[in-house]
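# Structural description and commentary
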Amino acid sequence: MLEIRNLHVKLEEEDKQILKGVDLTIEPGTVHAIMGPNGSGKSTLSYVLSGRDGYEVTEGSASLEGQDLLSMEPEERAAAGLFLAFQYPVEIPGVGNMTFLRTAVNAQRVARGQDEMSAADFLKLVREKAKDLKIDADMLKRPVNVGFSGGEKKRNEILQMAMLEPKMCILDETDSGLDVDAMKLVSDGVNALRDAGRSFLVITHYQRLLDHIRPDIVHIMANGRIIRTGGPDLALEVETNGYGDLLAEVG
Amino acid sequence: MALPAAKQGALNGRLATLSLPEAGAWGTEARRDALARLEAMGLPGRRDEYWRFTDPGLLNAAEPATAAAFENDEAPLFSAVDRLKLVFVDGVFSPEKSDDIALEGLEIERLSEAMSRDIHWVREVYGVLEAGAHSPVPRPHAALNTAFARDGICIRATGKVSKPVSLIYLHEDAGSDAILHHVIRVEPGAEMTLLENGPAAARFNKCLEVDVADTGRFNHVRAQGRDHERVAVTHVFARLGAESTFKSFTMTVNGVMTRNEAVIDLTGPDATAHIAGACLGDGAKAAFHHDDTVFVRHRAENCESRQVFKKVLRNGATGVFQGKILVDPGAQKTDGYQISQSLLLDGDSQFLAKPELEIYADDVKCSHGSTSGAIDETGLFYLRSRGIPEGEATDLMVIAFLAEAIDEIEDSVLAEDVIERLKGWLARRRRS
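Worth saying up front: this structure is predicted, and the values here are computed from it rather than measured. Each chain carries its own residue numbering, running from 1 in the written order of its sequence. All chains are assigned letters beginning at A, and all ligands numbers beginning at 1, according to the order in which they are written. Local features are withheld for residues below a pLDDT of 70 in this predicted model, meaning they are given only at 70 or higher, and side-chain atom pairs are given and counted only at 80 or more; totals for whole chains, interfaces and linings count all residues. For the side-chain quantities, the full set of heavy atoms in the structure was used; hydrogens and water were omitted.

### A few points about the overall build of chain B
The condition that has to hold: The secondary structure listing takes helices from DSSP runs of H or I that are at least 4 residues long and strands from runs of E that are at least 2 residues long, numbered from the N terminus. When we talk radius of gyration, it's over C-alpha atoms, and the globule rule is simply 2.2 Å times the number of residues to the 0.38. Only protein chains enter the accessibility calculation, which uses a 1.4 Å probe; a residue whose area is less than 20% of its type maximum is buried, one above 50% is exposed, and one in between is partly exposed. We call two residues in contact whenever any of their non-hydrogen atoms come within 4.5 Å of each other. Accessibility throughout is a Shrake-Rupley quantity obtained with a 1.4 Å probe, and a residue counts as covered only by protein chains that appear here.
Counting secondary structure elements, chain B contains 9 helices and 19 strands. Relative to the globule expectation of 22 Å for 432 residues, the C-alpha radius of gyration of chain B, 21 Å, shows essentially globular dimensions. Expressed as lengths along the three principal axes of its C-alpha atoms, the size of chain B is roughly 65 × 50 × 50 Å. Burial status across chain B gives 62% buried among its 432 residues. In chain B, 84% of the contacts between residues at least 6 apart in sequence involve partners at least 24 apart. Accessible surface for chain B amounts to roughly 15700 Å². Of this, 49% is attributable to carbon and sulfur atoms.

Structure below.
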């Protein structure tokens, strides 16, 4: 599904190398987690994959189902099946949540050569998906993320994911700012989307999200590289011992 | 005192092409008084404090520059709204094109009829609010309007009016020079909504005097648009009684030169005045210059005022905002807010702002802010990451920028209509 090879990235504005050779292969239907201390490059990886400005790839490659991601515009990556759930979802005043969702769904359909979804079909679908995430009609009508609580914003991200049906989902610290109940709701939403054709990359500081979204593979990232890869137990090891030992190991 | 030669010269030139319309009864006197005010002020020049950012040349000129009517395939704004339509063609009321002017809770008359009768409520308002609004800044084009207005509508709201009154300004003659003066009185406890739209004329001078009595409510949504070469100077004069509400929103697209002045006088306690503007300016097809000059005066206690003005500018477009809040001694517990912001979509456009606060009471809350900036990259990326192409995503970010101003429209159907219109304008720019 996702192939990252020797990816080196620096900030465009300053001469600062953030990613220093990331290698990662994600198979269809699997859930990978990336853990790591602050500043290790986790969020940068998610932004570079989804095409945010401000980063320069100096070496390496990243592809989604064989398509070169790095040469595509952000909207092309989305249409190809990539989705990033933001750590801080952006407020867009004046644009209704429903309008936004419909614009996005139809833009992707058009980009893939499909017909736009009819208003009636769309409404039916969005109501169904929203219900599972306990998103009420008022939240659908309100401007995108404006006045939403932290939990509502994250649920809204998962709703977008459910509507857009991406193949490769990246969740950037989706647990930040969530209480226990909200985390459960969001995790259930994610778990409902797990299937053989869809992969996940879950970025988090803490093991607790991984209690809800059980990963197949856990990576530890530090100083711009993946320094260890293991099974779900690796996350527990981090939770018990912190990152110190792991970082010391690689010197 | 004699006028400076330049002002006198401009005035003489302009007056040469005008003559006082016939008016019976009190109308003649009101017009003569206004002419006397104009003659004492002269016409504005670039050296005047409030004309430094806007060249009054096109307004002062004896004859208007020609402006072609611009056709597009969109239905006019408010088309789907149930309303009472009053139509003006090049600044002249057209009874044939208008609805029957009868609506419960309203008295509607043409200005000429109101002026022909000795005893009439209009007499207490026509030119009266205008005459009171020349200090500290003279507004000569408003006095000119009172003196020479060729037509206008007088509306008195006596109850809750069931549907909006919609003034539609059609523009047919490429050389038309329209002068319209409307007078509105909202009686205690009454409520009405006024809609205005259409390009009106090649050059349009319009005055709207609104007298809102205690506990009255007045809502106003207007759109200035379409014709690229049109020129307009408009004035809104509002006098607000105790516990009254005045809300006015203006959307502006296209137009070589538009100057919108508003003077709002909060005369009774607990009154509310909100005035907002959303402007999309593109200098590509023709020059674009848009100026909002607003003066809000708090004379009474516990009043609230908001000024929210947003401008999106590109291709050498110019936006101007001059806004002032004046709080009189004794106008305690005033809550005044003013924000003017521009979104500059390129390096060629400019935004000139002159926010002012003048406060003579000690227990008030007043704030003002003014910013210029580029499009929010984070928001743009967020939209694109959902698959929305860059052009469309940019349009949505423009709407997001204007949202605070559009939010001042109370009626959600009207607000949605305005948003759709703005989207249509943006989409056309993207295609061209």
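Moving on from the model shown.
### Considering the environment of T103 of chain A
By the secondary structure assignment, T103 of chain A is in helix α3 (residues 97-111). When the C-alpha atoms of T103 of chain A and R5 of chain A are compared, they prove to be 33 Å apart, with 98 residues separating the residues in sequence. Discounting residues that sit within four places of it in the chain, T103 of chain A has contacts with I388 and E392 of chain B.

### Some points on the side chain of D90 of chain B
Residue and element names in this part refer to chain B. Counted only if it meets this: Charge assignment: positive for Lys and Arg, negative for Asp and Glu; neither His nor the chain ends contribute. Salt bridges are counted wherever a side-chain nitrogen of Lys or Arg sits within 4 Å of a carboxyl oxygen of Asp or Glu. In the analysis that follows, any N or O atom pair within 3.5 Å is treated as a polar contact, provided that within protein one partner can donate a hydrogen and the other can accept it, and provided that, for residues neighboring in sequence, both atoms belong to side chains.
As for its placement among the helices and strands, D90 is situated in the loop between β1 (84-89) and β2 (92-93). No salt bridge is formed by the buried D90. Its closest oppositely charged neighbour is K97, at 9.3 Å. Among the polar contacts listed, one links the side chain of D90 to the backbone nitrogen of D173, at a separation of 2.9 Å.

### Description of the interface of chain B and chain A
Short version of the rule: Buried area adds together the accessible area that both of two parts lose upon being put together, with accessible area traced by a 1.4 Å probe. Side-chain classes are defined by residue name, with Ala, Val, Leu, Ile, Met, Phe, Trp, Tyr, Cys and Pro counting as nonpolar, Asp, Glu, Lys and Arg as charged, and the others, Gly among them, as polar.
Counting residues at the interface gives 22 residues for chain B, matched by 31 residues for chain A. Counting each side, the surface lost to burial between chain B and chain A is near 2000 Å², with a carbon and sulfur contribution of 67%. Taken as a group, F381, Y382 and R386 of chain B account for 40% of the area that chain B buries against chain A, more than any other trio of residues on that side. Joining chain B to chain A, the criterion identifies 3 salt bridges. Note that E157 of chain A and R386 of chain B form a salt bridge whose closest N and O atoms lie 2.6 Å from each other. Inspection of the region where chain B meets chain A yields 11 residue pairs in polar contact (both at pLDDT 80 or more). Among the secondary structure elements, those contributing two or more residues to the side of chain B that touches chain A are α7 (377-384), α8 (390-406) and α9 (412-431) of chain B. When grouped by side-chain class, the residues that make up the side of chain B that touches chain A number 11 nonpolar, 4 polar and 7 charged.

### Quick word on helix α2 (residues 25-41) of chain B
Residue and element names in this part refer to chain B. Taken as a whole, α2 has its buried residues at W26, G27, A30, R31, A34, L35, R37, L38 and M41. Its buried side turned inward, α2 meets α1 (5-15), α4 (111-115), α5 (128-131) and α6 (140-148). Within two residues after α2, G42 carries a phi angle of roughly 75 degrees, on the positive side.

### Comments concerning the pattern of salt bridges
Residue and element names in this part refer to chain A. Under the definition given, this model contains 52 salt bridges over all chains. Between D15 and K10 there is a salt bridge whose closest N-O contact spans 3.7 Å. Accessibility expressed as a relative area gives 71% for D15, which makes it exposed. Residue classification places K10 among the buried positions, given a relative accessible area of 16%. Of the charged contacts, one joins E56 and K10 as a salt bridge, the two residues approaching to 3.5 Å between their closest N and O atoms. Linking E56 in strand β4 (residues 55-64) with K10 in strand β1 (residues 2-11), this pair joins segments that are 46 residues apart in sequence. Classification of E56 as partly exposed rests on a relative accessible area of 34%.

### So, a negative patch on the surface
This is how it is decided: What makes a patch is a set of residues exposed beyond 30% relative accessible area and free of salt bridges, joined within 9 Å when like-charged and within 5 Å when nonpolar (Val, Leu, Ile, Met, Phe, Trp, Tyr). For this purpose, a charge sits on NZ of Lys, CZ of Arg, CG of Asp or CD of Glu.
Judged by side-chain charge, E12, E13, E14 and D53 of chain A together with D376 and E377 of chain B come together as a negatively charged surface patch. With respect to the helices and strands, E14 of chain A occurs in the loop between β1 and β2 (17-26). Take E14 of chain A: its relative accessible area is 46%, and that puts it in the partly exposed class.

### Quick notes on the side chain of K206 of chain B
All names here are of chain B. Its place among the elements puts K206 in strand β8 (residues 203-212). Within the structure, the side chain of K206 is placed 2.6 Å from the side chain of E196, a separation counted as a polar contact. Sequence-distant contacts of K206, defined by excluding residues within four places in its chain, comprise N145, Y169, L180, H182, E196, R222, V233, T234 and H235.

### Section: the environment of P74 of chain A
Here P74 of chain A shows up in helix α2 (residues 74-80). On the basis of relative accessible area, P74 of chain A is assigned to the buried category, the value being 6%. Considered as a pair, P74 of chain A and Y47 of chain A are 27 residues apart in the sequence and their alpha carbons are 9.9 Å apart. Setting aside its immediate chain neighbours within four residues, P74 of chain A contacts S50 and G51 of chain A together with F381, R384 and S385 of chain B.

### Thoughts on the sheet that holds strand β10 (residues 199-204) of chain A
All names here are of chain A. Convention followed: A strand pair is defined by DSSP finding two or more bridges across the two strands. For every element, the axis is a line fit to its C-alpha atoms; helices are fit only across the contacting stretch, and the angle between N-to-C directions ranges from 0 to 180 degrees.
Reading across the sheet, the 6 strands line up as β6-β9-β10-β3-β11-β12 and stay open at both edges, with mixed pairing between neighbours. Because the sheet does not close on itself, it has two edges, and the strands there are β6 (82-85) and β12 (225-230). In this sheet, neighbouring strand axes are inclined to one another by 20 degrees on average, regardless of whether the strands run parallel or antiparallel. Here β6 runs beside strand β9 (residues 168-172); their pairing, made up of 4 bridges, is parallel. The residue of β9 that forms the bridge with L84 is I170. Contacts between helix α6 (residues 150-164) and the sheet are confined to β6, β9 and β10, with β6 contributing the most and set at about 170 degrees to the helix.

### Focus on the sheet that holds strand β6 (residues 177-186) of chain B
Residues and elements named next belong to chain B. In spatial order, the strands read β3-β4-β6-β8-β10-β12-β14-β16-β18; together these 9 strands make up an open sheet with mixed pairing. Looking at the sheet topology across the chains shown, the edges are occupied by β3 (106-110) and β18 (350-359). Strand-to-strand twist of the sheet, defined as the mean angle between neighbouring strand axes without regard to direction, takes the value 10 degrees. In the sheet, strand β10 (residues 231-240) pairs with strand β12 (residues 257-266) via 10 bridges, with the strands oriented parallel. Paired with V231 across the two strands is M257, which belongs to β12.

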